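Coordinate inspection notes
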Amino acid sequence: MSSKHSGLVDHSTISISTLADRLPAGAGLIITSGDGVSERPSGVPITAGAATWDILDPAMEDPQLLSGYGDDRYDVLYAEDVLQTLPRLSVALANWTRVVRPGGAMVLTVPQGCDGKAASWRFTMQDPAVADGSVNLLELLRVICHLAEVEYVALMPGTPDSRAASANGSDPERMPKDAPEGFHRRIEVLLRKRPHPLTPVQSNDAPEIQMLVKLTEAAIAARAQWQTMEEFEAILASGVRDATVVDLSRLYLLYQWLLTTLRLPGDCIEIGSFRGGTAKLISETLLRRQAGGELHLFDTFAGMPDRLSLDEAGLKGCFADTSVAEVRRLLANNPHVHLHPGIFPDTIPPGLHDHCFRFAHIDVDIESSVHDCLAFVYPRLLPGGVMVIDDYGHAECPGATRAAERFFADRPETIVQMPLVSSAVVIKSA
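Presented here is an overview of the structure given in this document. (Residues numbered from 1 in each chain as written. Predicted model: local features only at pLDDT ≥ 70, side-chain atom pairs only at ≥ 80, totals over all residues. Heavy atoms only, no water.)

**A word on the pairing of strand β11 (residues 267-271)**
On a regular strand, one side chain projects to one face of the sheet and the next to the other, so that they alternate. The buried fraction of β11 amounts to 5 of the 5 residues, a majority that puts the element mostly inside the structure. Of the two faces of β11, the one lined by Asp 267, Ile 269 and Ile 271 and the one lined by Cys 268 and Glu 270 are each fully buried. Inspection of the sheet shows β11 paired to strand β14 (residues 357-362) by 5 bridges, in the parallel sense. Residue pairing across strands places Ile 271 opposite Ile 362, the latter belonging to β14. (Buried < 20%, exposed > 50% of the residue type's maximum accessible area, 1.4 Å probe, protein only. Helix = DSSP H or I, 4+ residues; strand = E, 2+ residues; numbered from the N terminus. Pairing = 2+ DSSP bridges.)

Right, here's the structure in full:
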């Protein structure tokens, strides 16, 4: 196997002996820690065997983005003590998954705690990650759980006669008080790339989202003491919550911002509708307030497009669990709703170029799409109209923030980021 990359070289066949029965045969990629790959950190030698491997040296190439490495290229990826040195862990994991074929394996090792070397992160397995630079590896793996399944997470021995402790509930053996310098346990992870991605990681059952739900419910309950919340609660019960992965905080903010625009003429537009949950919120609000205008919805209704930047690789295959028919049924009670399936802006009907909008919800996640949305919506947004950019500030959607910052850099409007969750609001200047 040859490569044009200076740090990627042809190498003899290598396998990891203790994992040989778990790894598929075929092409493999080893991302080293710069200390060579002749011996695994746990002391188990890498010997001739199942797969033909390429070697990537982080000193010569970027192991975080894997620039120039095609999707679904390798059957096995082995990253040896590299993750803790990288600035953006989730981006690295997403791209490592990207280059592995469906059904292929990823083997990762990281030091438990601090290994005394230069490292950006300190990994734990069972303890909460509360200190700066501390990461609970099990929580981190949630970032790619829609792309890959965790087959095992194990605490590897620091010396040949130490016991390995699995992360399936047993307590890991503590490091001996008289351990010699250089004695460090390592955490080993085996991941299997899913044949098809699951629904998005940022789902409503995530612990952080559940905490936000509780905070928002408390705020809503407090407000209900002096102002009725019956309309909002009825809108949620109309099918919104069952058809969205947007958390309650953002739903409530979306509802309130929409209300501020009802005095304006014009239509509403949503780009990025997924299963139609937020579209249902907009539609039901318009119906209950007897507001005029149309609601135009744009989505592929088939998941994310392929035009992703490397730091957006974790979004590949997301949001495919929907259909035009499903969304149309959800919104069937509003004859003023129009669905436009396909990749925006190719699906804009000619007549819509002459329309004006009072409210826009942009939820497309990726940089190129956010830019296309802003370029179309902004010139047609009425003065005082509101644009909600859902993914602004989201750690896993850096392109959305880049696109918005670049677009509004020379315009009079201010991007106002909403607290607690990722979203921003722009109000069109007069």
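Text resumes after the structure shown.
**Brief notes about the pattern of salt bridges**
Under the definition given, this model contains 11 salt bridges. Among the ionic pairs, Arg 98 bridges to Asp 71, the shortest N-O distance being 2.9 Å. A residue pair is termed long-range when its members are at least 10 positions apart, and Arg 98 in helix α1 (residues 89-98) and Asp 71 in the loop between β3 (46-56) and β4 (74-80) qualify at 27 residues. By relative accessible area, Asp 71 is classed as partly exposed at 39%. Across the pair Glu 231 and Arg 289 runs a salt bridge whose closest N-O atoms are separated by 2.9 Å. With Glu 231 in helix α4 (residues 230-240) and Arg 289 in the loop between α6 (277-288) and β12 (295-299), this pair connects stretches of sequence that are 58 residues apart. Residue Arg 289 is classed as partly exposed on the basis of its relative accessible area of 43%. (Salt bridge = Lys/Arg side-chain N within 4 Å of Asp/Glu carboxyl O.)

**Quick look at the environment of Glu 149**
Counting through the fold element by element, Glu 149 comes out in strand β8 (residues 148-156). Glu 149 sits in the partly exposed class, given a relative accessible area of 42%. Taking the C-alpha atoms as reference points, Glu 149 and Leu 190, 41 residues apart in sequence, are found 8.6 Å from one another. Excluding residues within four positions of it along the chain, Glu 149 makes contact with Leu 190, Leu 191, Arg 192 and Arg 194. (Contact = heavy atoms within 4.5 Å.)

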